[in-house]
Amino acid sequence: SQTIHQWPATLVQPVGSPLSLECTVEGTSNPNLYWYRQAAGRGLQLLFYSVGIGQISSEVPQNLSASRPQDRQFILSSKKLLLSDSGFYLCAWTRVGGLGSPLHFGNGTRLTVT
Amino acid sequence: EDQVTQSPEALRLQEGESSSLNCSYTVSGLRGLFWYRQDPGKGPEFLFTLYSAGEEKEKERLKATLTKKESFLHITAPKPEDSATYLCAVPHPSGNTGKLIFGQGTTLQVKP
């Protein structure tokens, strides 16, 4: 079976510090990978997605970047955090088929920028 | 504009009091509708996929149904452990990227 791991679970970082959140998927190959952010009030905002190694699509221009150095690894980064980067970050994967496929989420990282 | 709207935003029920959550969508060429459950501080947990109007899926006290314009999540005789936020989502119509459009969710509270 497939599993998705995301870490750390919580993170408190000062403004201006760098960020690196990591996500890995096990039990599948060539997944599509996604980073979402969920602000208080539950709306899920797609930040980045990747359909293959080194292929990153950005949905929202902002202070963050993403990378996919390996097939099942997805990293969310920032060089200098802003207060507005605080939120709940979720990684997800799917196998894209002919019909729509559900996303499967990790348990998220709660980021607080102070 | 492609969008997904859920109602109500919040719902309080007594244990055993059945009700329904609504998810309406305006997406051309629907390729599925997904329901998720999200507990506080956790990622959304996939519940159901519905692909065509008239389709129904069940899991314990939950039953999801789909029409051409909306989906309902029926909760029969809910228990306090059913308390969570329920999200619905549809595939984004642009290409085969796997992106989903999410509703804002319905937060369900079931009191004993």
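This text goes with the structure placed above it.
Residues numbered from 1 in each chain as written. Chains lettered and ligands numbered in written order. Predicted model: local features only at pLDDT ≥ 70, side-chain atom pairs only at ≥ 80, totals over all residues. Heavy atoms only, no water.

Caption draft 1: The arrangement of the sheet that holds strand 3 (residues 19-26) of chain B in detail. Residues and elements named next belong to chain B. Taking strand neighbours across the sheet as the criterion, the 5 strands line up as 1-3-8-7-6 in an open arrangement whose pairing is antiparallel. The strands lining the two open edges of the sheet, one partner per strand, are strand 1 (3-7) and strand 6 (56-59). Recorded for the sheet is a direction-independent mean angle of 15 degrees between the axes of neighbouring strands. As judged from the 5 bridges shared by strand 1 and strand 3, these two strands associate in the antiparallel manner. Looking at the pairing, Gln3 lines up with Thr26 of strand 3. (Pairing = 2+ DSSP bridges. Helix = DSSP H or I, 4+ residues; strand = E, 2+ residues; numbered from the N terminus. Axes fitted to C-alpha atoms, helices over the stretch in contact; angles between N-to-C directions.)

Caption draft 2: Local environment of unusual backbone geometry. Along the chain, Trp7 of chain A connects to Pro8 of chain A via a cis peptide bond; the corresponding omega equals 0 degrees. In this fold, Pro8 of chain A is placed in the loop between strand 1 (3-7) and strand 2 (10-13). Residue Pro8 of chain B is bonded to the preceding Ser7 of chain B through a cis peptide linkage, with omega at -10 degrees. Here Pro8 of chain B is to be found in the loop between strand 1 and strand 2 (10-14). Positive phi values are uncommon outside glycine, yet Glu60 of chain B reaches one of about 55 degrees. The residue Glu60 of chain B is located in the loop between strand 6 and strand 7 (62-66) in this model.

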